[in-house]
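Observations on the model geometry
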Amino acid sequence: MRAHEIYPNGGPRIGVYVCHCGFNIAGKVNVREVVEFAKTLPFVVVAREYKFMCSDPGQEMIREDVREHRLDRVVVAACSPSLHEATFRRALEQAGQNPFFFQMVNIREHVSWVTEDPREATEKAKALVAAAVRRVIFHEPLQRRRVPVKDRVLVVGGGIAGIHAALTLADAGKHVYLVEREPTIGGHMAMFDKTFPTLDCAACILTPKMSQVAAHPNITLWTYSEVIQVEGFVGNFRVRVRRKPRYVIEELCVGCLQCIDACVYKDARFPDEFNLGLGKRKPIYIPFPQATPRVVLIDPETCIWFKTGKCKQTCLEACERAAIDFKQQERIEEIEVGAIILATGFKTFDARRIPEYGYGKYPNVYTALEVERLVNASGPTGGEVRLRDGRIPKRVGIIHCVGSRDERFNRYCSRVCCMYSLKLAHLIKERTGAEVYNFYIDMRTPGKGYEEFYDRLLQEGVHFIRGRVAEVTDWAITPDEEGKLIIRVEDTLVGAVRRIPVDMVVLAVGLEPQPDADEVRRMFNISCSKEGFFLERHPKLAPVSTFTDGIFLAGACQGPKDIPDSVAQAGAAAAEALALIDKGFVELEPNTAYIVEALCSGCKTCIGLCPYNAISFDEARMIAVINEALCKGCGTCVAACPSGAARQHLFEDAQIFQEIEGVLAYV
Amino acid sequence: MSKPKVAFYWCASCGGCEEAVVDLAEEILQVVEAVEIAFWPVALDFKREDVERLADGELVATFINGAIRTSEQAEMAHLLRAKSQILIAFGSCSHTGGVPGLANLYDREEILRYVYEEAPSVINPQRVRPEERIEVDEGMLTLPSFWGAVQTLDQTVEVDYYLPGCPPPVGLIRSALQALLSGNLPPKGSVLAPDVALCAECPRKPTKPERLALKELKRPHQVLIDPETCLLAQGLLCLGPATRSGCGAACITGNMPCTGCLGPTSRVLDGGAKALSAVASILDATGEAEIERILEGIPDPVGLFYRYSLPASLLYRRVGNGERAREGRSS
Amino acid sequence: MSERPVAGDKGFEPRIVAFFCNWCTYTAADLAGTARMAYAPNVRIIRLMCSGRLDPQFVLAAFRHGADGVLIGGCHPGDCHYQEGNYKALRRYLLLKRLLREMGIEEERLRLVWISASEGDRVQKVANEFTETIRRLGPLRLAPRPGMIRLPAAAQPEPQPAAREGVLP
């Protein structure tokens, strides 16, 4: 391009800034060379380098140049635009320039960090800078769209994270819909007896929060309900929630539980989900005494009326408030919210997947969650640790890292198992006086008071054997081992294979994503990380945000987390949601599609392509029109428009053609 | 005062463009009234020397139809360019390469071999090929050289305006002549046709559904075509959405899909690619196998999307088996 | 105007243009960076908001301007950030491949990959594989195209008409 021919009046004035990012970029890319190269590009008025462009002095450099050199285009070659595009656009704005006269070049994530050879890295950086300079010439001043925001928040999942997020928002005066799939909120924490490392009673700290949720005027609590559809965008989500029938009218039931007593089944005889099948319930039941809402439900799978159509319906007679309704149907609720917090939690690793540990084969092999119920005062044994045959175990082995840090299953550390194993070891020893053995690979106790708790267990005489357990077997080879489970392990500290006979084995199962995490993420249009947990926008700078604006994450759905971390994250997610809806509006990236009306032939190619129905046909003018408020800026209509009448701000054809030529011109 | 001089010339073309001029009917008399035709080899007996004698810029306007394939065509284009104030590429072939441009799917050797040796109508046991220069008793005989590829007029010389179409519709010729005679011309480089796609003037536009999703693609000879309904809605690949208007939807009125002769609108860099994008977008399939099945309905994508524009396209010509693109070019 | 680095004596260095969806493959490429997964420097990434924005003109322009290979990265089927832009990309891609075949261009020079935001390792793998594929195919010997390529009008009708004309190398 010959600058003077194209722009007789001077043309655009471009500033190019190349960031060292400490050694992150400068350690690989010859920044000086890129700057010198940038100076040779058309319309470049200044080109500079700086240690950290994102810092205050770096931004000030841009602002000063914009004023002094009358720059009207800025290119910054630094990290990914997902990190600092907003920063530099703001700097431009502060200097009185339209923020969209800006293009960012990703020479860190896409160059210096992924290229071995410094020469090649420098050439690649130059090519990308050349492309950006050519592109930015074609940028136009744009305005961000302001869209009003719905003042309400949806929280999905009623575990401790969801509860805390909901209460925080509700206390701030915002209306919250809390949707929980199970008949009660409380999540996994409600199943625990004590929490580590302080050994506070889980119920004592959780149940008050649960009742607060039920009583809060700003919280609409829908349990036994699932989100089935999400539409819209940040600030304006339309959500459909399916409320499954519990055959009990929630508004009428006061939780007197007389219906349960009156049930034709005199004894509880069906496996009780809340106690993981360790206890029994009737067809009409309440999951646990502190269930919230305190409303009973009927399980149609076991209720004799639903199964045979014949029953005396004694429960119905027993209910003074006529709350039982065998004809209840599922209901679909439709709500509009400005922000969504996902707190859908985790599931525990299925211990059957490791057959050598004998879960499901030997009755006295338990998962940690089952033992949580056994040690729980309101659990099926009233807090007594008893084996399935009623005996009290004298020797207990706790196997760590079951399904975690294991190439065959999950490579990651589940973060909570060491600590809960210590807690269970303490509780088992306290309740039974048994000898407790922990089989561990590494003890991981990096939390406030955690290492101290480990010390305390060492003092209490709990045994720690370092080594991954090979096998749990009932094959006794000495009389001592008869009738016991033998844990075979290589004790790596002693350097010998050992056989430890025990009465009870506790498997410290790891944390995994919910089995339907993939469907859920699709519904909410977010991503999952490799392990299947929901993916945060940035691990450090946006840990509770997702790539979809207005959708936030809290708790273990984002990755294994203990209670303090889940609560902290829930608070952060609530704050993010609050910041979003409290402002009353959102500013959307102006990358919408638009149609140049005079050029549209009305061929309708674009109309059916829009996933958001943002394009319609104007019958009067016989052309297509785009409703900018509905457009989310994917640009598929633009790519398809056969006559080039549909265009996209920030991704104009001309800009992309320039970028293509640019990256290729200086390979 | 002498009348302004104009010229008409043809290069690689079929003669249809000349017919289009004649299609002006009586109006051609007004043209002849207003201008002096200084060169029109198809209709009047002129020689190259007649052009060479003219001063540079003496011709007010020259209309060249046909693509450029031979050295002679290029020489004439350069000559006429020099003699003309305004050079107009007339018709698809000079505008975007036209049907002769599809020869860019073959290399020079393939074409010569076929035409002089393999074509069913040819008997040539000696495999004689035309020679560019041959010595005979009377002296040296020469032929223009046959280039390796077809190019458009503006790939050969600078062009001021384009009158698109195969051939250009009479209405567009008329308004171009009026603009020329009145001196009321658009910016240089313009295509003298509406910059809106054909659907804008298509009589079947009201019958086009808002959401088009094609499960099957049909070709005109395979179906009975409904004379009222949008052809795309019938599964026929009409290129109207990707083609300039200005023809009055002549083919569609004749119950045939638009094949794209007027070329793309000014916002489009590569008309074929754009048409391809639009067609692919409206297919009703998401699985690879199903998409491939539907695409079987397009046996010849180049012939469909670049019927008139292969030389003007980004790819320009087929990537050959090593033969240089400009082989045989004398200059 | 195009100087190509002579890094060692590797001979032919493929030029590759990659059009990556902002939400998946582009982010995965960021992740590859964060994880320091080095890959062939031949791949030049251009960000689009969605693979559905991919105009076949971009692919042909890349080939015309010297690319030996073009890579398209979108979200896995069913995962498109914009619901189904990736399917439109797939359809255009499959038709484009048929066009390339007819134009004598090896199909392997155009590749569509689905890479989610968490698959940084796949970006590395695909970039390396694709570079090797193109290296094996050798340079794309596209015939030089005479004349100028007139870029289509930018969004603003004025003031830069002439700036839209790029001259071919």
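Residues numbered from 1 in each chain as written. Chains lettered and ligands numbered in written order. Predicted model: local features only at pLDDT ≥ 70, side-chain atom pairs only at ≥ 80, totals over all residues. Heavy atoms only, no water.

Moving on: the overall build of chain B. When its secondary structure is counted, chain B shows 11 helices and 9 strands. Compactness check: chain B gives a C-alpha radius of gyration of 22 Å against a globular reference of 20 Å for 331 residues, within 12% of the reference. For the C-alpha atoms alone, the extent of chain B along its principal axes is close to 65 × 55 × 30 Å. Of all 331 residues assigned to chain B, the portion counted as buried reaches 53%. Within chain B, counting contacts between residues at least 6 apart in sequence, those at least 24 apart form 74% of the total. Split by element, the accessible area of chain B, about 14,900 Å² in all, is 53% carbon and sulfur. Taken together, the 32 basic and 43 acidic charged side chains of chain B have centroids lying 5 Å from each other. (Helix = DSSP H or I, 4+ residues; strand = E, 2+ residues; numbered from the N terminus. Rg over C-alpha atoms; globule rule 2.2 N^0.38 Å. Buried < 20%, exposed > 50% of the residue type's maximum accessible area, 1.4 Å probe, protein only. Contact = heavy atoms within 4.5 Å. Areas by Shrake-Rupley, 256 points an atom, 1.4 Å probe, with all protein chains shown as cover. Lys, Arg positive; Asp, Glu negative; His and termini not counted. Charge placed at Lys NZ, Arg CZ, Asp CG, Glu CD.)

For the rest of this paragraph, the subject is the overall build of chain A. Within chain A, the secondary structure is distributed over 19 helices and 34 strands. Projecting the C-alpha coordinates of chain A onto the three principal axes gives extents of approximately 95 × 70 × 40 Å. By residue count, 62% of the 667 residues in chain A fall in the buried class. A sequence separation of at least 24 residues applies to 69% of the contacts in chain A between residues at least 6 apart. As displayed, chain A has an accessible area near 26,200 Å², and 50% of this comes from carbon and sulfur atoms.

Take the interface of chain A and chain C next. At the interface, 67 residues of chain A touch 67 residues of chain C. For the pair chain A and chain C, the summed buried area comes to about 5,900 Å², and 58% of that belongs to carbon and sulfur atoms. Across the contact surface, chain A and chain C share 5 salt bridges. With a closest N to O distance of 3.5 Å, Glu85(A) and Arg47(C) form a salt bridge. Our enumeration of links across chain A and chain C arrives at 19 residue pairs in polar contact (both at pLDDT 80 or more). Taken together, the elements giving at least two residues each to the side of chain A that touches chain C come down to α5 (81-94), α6 (108-112), α7 (118-136), α16 (517-524), α18 (636-640), β34 (646-648) and α19 (653-665) of chain A. Looking at which element gives the most residues to the side of chain A that touches chain C, the answer is α19(A), with 11 residues. A per-class count over the side of chain A that touches chain C returns 31 nonpolar, 16 polar and 20 charged. (Buried area = accessible area lost by both parts, 1.4 Å probe. Salt bridge = Lys/Arg side-chain N within 4 Å of Asp/Glu carboxyl O. Polar contact = N/O pair within 3.5 Å; in protein donor to acceptor, adjacent residues only side chain to side chain. Nonpolar A, V, L, I, M, F, W, Y, C, P; charged D, E, K, R; others polar.)

Take the packing of helix α13 (residues 368-375) of chain A against helix α14 (residues 417-432) of chain A next. All names here are of chain A. The N-to-C vectors of α13 and α14 enclose an angle of 40°; their axes lie 11 Å apart at closest approach. In terms of their interaxial angle, α13 and α14 are classed as oblique. Read as a crossing pair, α13 and α14 show a hand that is left-handed. Of the residues in α14, those in contact with Ala368, Val371, Glu372 and Val375 of α13 are Tyr420, Lys423, Leu424, Leu427, Ile428 and Arg431. Partitioned by chemical class, the residues of the contact of α13 with α14 number 7 nonpolar, no polar and 3 charged. (Axes fitted to C-alpha atoms, helices over the stretch in contact; angles between N-to-C directions. Parallel < 35°, antiparallel > 145°, perpendicular 65-115°, else oblique. Left-handed = near helix turned anticlockwise from the far one by under 90°.)

Bringing the domain arrangement of chain B into the picture now. Residue and element names in this part refer to chain B. Looking at chain B, the domain boundaries give domain 1 (5-99 + 149-182), domain 2 (106-147) and domain 3 (198-312). The partner domain 3 presents 10 residues to the 15 residues of domain 1 that form the contact. With both sides pooled, the region where domain 1 packs onto domain 3 buries about 940 Å², and carbon together with sulfur makes up 66% of that total. Within the residue set of the side of domain 1 that touches domain 3, elements represented by two or more residues are α5 (92-96) and β8 (146-151). It is α5 that provides the largest number of residues to the side of domain 1 that touches domain 3, a total of 3 residues. Within the side of domain 1 that touches domain 3, the residues separate by chemical class into 6 nonpolar, 9 polar and no charged. (Domains from an automatic or database assignment.)

Two elements in contact, α19(A) and helix α2 (residues 56-64) of chain C, have axes separated by 9 Å at closest approach and are oriented at 25°. In this view, α19(A) runs roughly parallel relative to α2(C), as classed from their interaxial angle. When the axes of α19(A) and α2(C) are compared, the crossing they make is right-handed. Across the interface between the two elements, Asp653(A), Ile656(A), Phe657(A), Ile660(A) and Leu664(A) from α19(A) touch Gln57(C), Phe58(C), Ala61(C) and Ala62(C) from α2(C). The class makeup of the residues in the contact of α19(A) with α2(C) is 7 nonpolar, 1 polar and 1 charged.

Moving on, we get to the pairing of strand β4 (residues 110-114) of chain C. Residues and elements named next belong to chain C. Across the 5 residues of β4, 4 count as buried, placing the element largely inside the fold. As judged from the 5 bridges shared by strand β3 (residues 69-74) and β4, these two strands associate in the parallel manner. By the bridge assignment for β4, Gly73 is matched with Val113. Since β3 and β4 lie parallel, the crossover through helix α3 (residues 85-102) that links them has a hand, and here it is right-handed. (Pairing = 2+ DSSP bridges. Right-handed = clockwise from strand over helix to strand, strands pointing away.)

The next thing to look at is the sheet that holds β3(C). Strand order in this open sheet of 4 strands is β2-β1-β3-β4 (chain C), and the pairing throughout is parallel. Each end of this open sheet is capped by a strand with a single partner; those strands are β2 (43-48) and β4 of chain C. With strand direction ignored, the average angle separating the axes of adjacent strands in the sheet is 20°. Note that strand β1 (residues 16-21) of chain C and β3(C) share 5 bridges and pair parallel. Each residue of the ladder has a partner; that of Ala18(C), found in β3(C), is Leu71(C). Seen against the sheet, α19(A) touches β1 and β2 of chain C and runs at an angle of roughly 170° to β2(C). Relative to β4(C), helix α4 (residues 120-137) of chain C is tilted by about 165°, and along the sheet it contacts β1, β2, β3 and β4 of chain C.

With that settled, the discussion passes to helix α7 (residues 170-182) of chain B. Residues and elements named next belong to chain B. Over its 13 residues, α7 extends 18 Å from the first C-alpha to the last, a length consistent with the 18 Å expected when each residue adds 1.5 Å. The inward-facing, buried residues of α7 contact α1 (16-22), α2 (27-34), β3 (59-65), β5 (84-90) and β9 (161-163). Positive backbone phi, approximately 75°, marks Gly183, located one or two places after α7. (Expected span 1.5 Å × (residues − 1).)

Before going further, it helps to spend a moment on the domain arrangement of chain A. The accessible area lost on association of the parts is a frequent measure of interface size. Residues and elements named next belong to chain A. Along its sequence, chain A is organised into domain 1 (3-142 + 660-666), domain 2 (144-244 + 330-345 + 514-586), domain 3 (258-318), domain 4 (349-512) and domain 5 (589-648). Its C-alpha centre places domain 2 at a distance of 35 Å from the equivalent point of domain 5. In this complex, domain 2 contributes 4 residues to the contact, which on the side of domain 5 involves 7 residues. Taking both partners together, domain 2 and domain 5 bury about 510 Å²; carbon and sulfur atoms supply 47% of that area. The largest share of the area that domain 2 buries against domain 5 comes from Arg144, Arg145 and Phe233, three residues that together contribute 86% of it. Inspection of the region where domain 2 meets domain 5 yields 0 salt bridges.

Here the focus is the environment of Glu597(A). Residues and elements named next belong to chain A. Looking at where Glu597 falls in the secondary structure, it is placed in the loop between β31 (593-595) and β32 (615-618). With relative accessibility at 38%, the residue Glu597 sits in the partly exposed group. Each C-alpha atom of the pair Glu597 and Ala646 lies 8.8 Å from the other, and the pair is 49 residues apart in sequence. Contacts of Glu597, omitting those with residues within four sequence positions, involve Arg621, Ile623 and Val625.

As a further point, take helix α10 (residues 288-295) of chain B. Inspection of α10(B) places Ile291(B), Ile294(B) and Leu295(B) among the buried residues, and these make up the whole buried set. Looking down the long axis of α10(B), one finds its buried residues gathered within 100° of arc, a one-sided arrangement. On its buried side, α10(B) packs onto α3 of chain C. (Arc of directions from axis to C-beta.)

Glancing now at unusual backbone geometry. Residue Pro293(A) is bonded to the preceding Thr292(A) through a cis peptide linkage, with omega at 0°. Its place among the elements puts Pro293(A) in the loop between β15 (284-285) and β16 (297-298). Note that the residue after Cys166(B), namely Pro167(B), is joined by a cis bond; omega there is -5°. Tracing the backbone through its elements, the reader meets Pro167(B) in the loop between β9 and α7. Positioned with a positive phi, Phe43(A) is a non-glycine residue whose angle comes to about 70°.

Counting residues in hydrophobic clusters, the biggest one holds 161 residues, and the most contacted among them are Val16(A), Ile660(A), Phe305(B) and Phe19(C). With 9 residues, α7(A) is the single largest residue contributor to this core. In terms of nonpolar packing, the next biggest core, distinct from the first, is built from 64 residues, Met191(A), Cys303(A), Ala343(A) and Leu580(A) among them. (Core = buried A, V, L, I, M, F, W, Y, C linked by side-chain atoms within 4.5 Å.)

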